[in-house]
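Per-entry structural report
Chain residues, written in single-letter form:
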Amino acid sequence: MTTSPTLLPQAKRRKRSPVPVIAGGGLLAALLGVIVFGNLSKSLEYFVTPTEYKQQPAQYGERTIRLGGLVRNAKFDRGRLNLTFTVTDFGASYPVSYQGAVSDLFKENQGVVVRGAFNPAGVFQANELLVKHSEEYRVPTNQADIKTMLKDTK
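These numbers were taken from a predicted model, which means no experiment stands behind them.

This next bit is on the overall build of the protein chain. Of the regular secondary structure elements, the protein chain holds four helices and six strands. Each helix (α) and strand (β) of the protein chain, taken in turn from the N terminus, gives the series α-β-α-α-β-β-β-β-β-α. Relative to the globule expectation of 15 Å for 154 residues, the C-alpha radius of gyration of the protein chain, 32 Å, shows a markedly less compact shape. For the protein chain, the spread of C-alpha atoms along the principal axes amounts to about 120 × 50 × 30 Å. The 154 residues of the protein chain split such that 21% are buried.

Take the pairing of strand β5 (residues 111–118) next. Among the eight residues that make up β5, six are buried, leaving the element largely enclosed by the rest of the structure. Inspection of the sheet shows strand β2 (residues 65–77) paired to β5 by six bridges, in the antiparallel sense. When the bridges of β5 are listed, Gly 68 appears paired with Val 113. Inspection of the sheet shows β5 paired to strand β6 (residues 124–131) by seven bridges, in the antiparallel sense. When the bridges of β6 are listed, Gly 116 appears paired with Ala 126. With antiparallel pairing between neighbouring strands as the criterion, β5 and β6 make up a hairpin whose turn holds five residues, including Gly 122 at a positive phi of roughly 90°.

How each quantity is defined
- Residues numbered from 1 in each chain as written.
- Predicted model: local features only at pLDDT ≥ 70, side-chain atom pairs only at ≥ 80, totals over all residues.
- Heavy atoms only, no water.
- Helix = DSSP H or I, 4+ residues; strand = E, 2+ residues; numbered from the N terminus.
- Rg over C-alpha atoms; globule rule 2.2 N^0.38 Å.
- Buried < 20%, exposed > 50% of the residue type's maximum accessible area, 1.4 Å probe, protein only.
- Pairing = 2+ DSSP bridges.

Rendered as structure tokens:
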């Protein structure tokens, strides 16, 4: 006599609800959004011209901005590495003060971008100075071109 094994009914698997996983994912995404967008506004730097700043100075407040325009009335004290000049776009002008080394490309009527903030006296206190220059490079072909190039760099 052979006995066949009895088959027991399959145990029911308990279904897990997807609600906790979805809620946890949503909470994680919300937390990540708050961290990213909350700190993003603090790290933004606006590039403005003097005229744009003059129109809405309250928008920029005491934030770090980049102010761009042309150099006027530059005075550089080599002993103290103190540079003062006016940046203008011919619509508005602001005095700028910068402490540090200055590139040889910095000169009157040259394009400049300064990074910093306005102090309470209305002077733009720059902590970075970027001088614009021509992107065109021509190889000197004769002695006269070399002399002209050396004269222009002084």
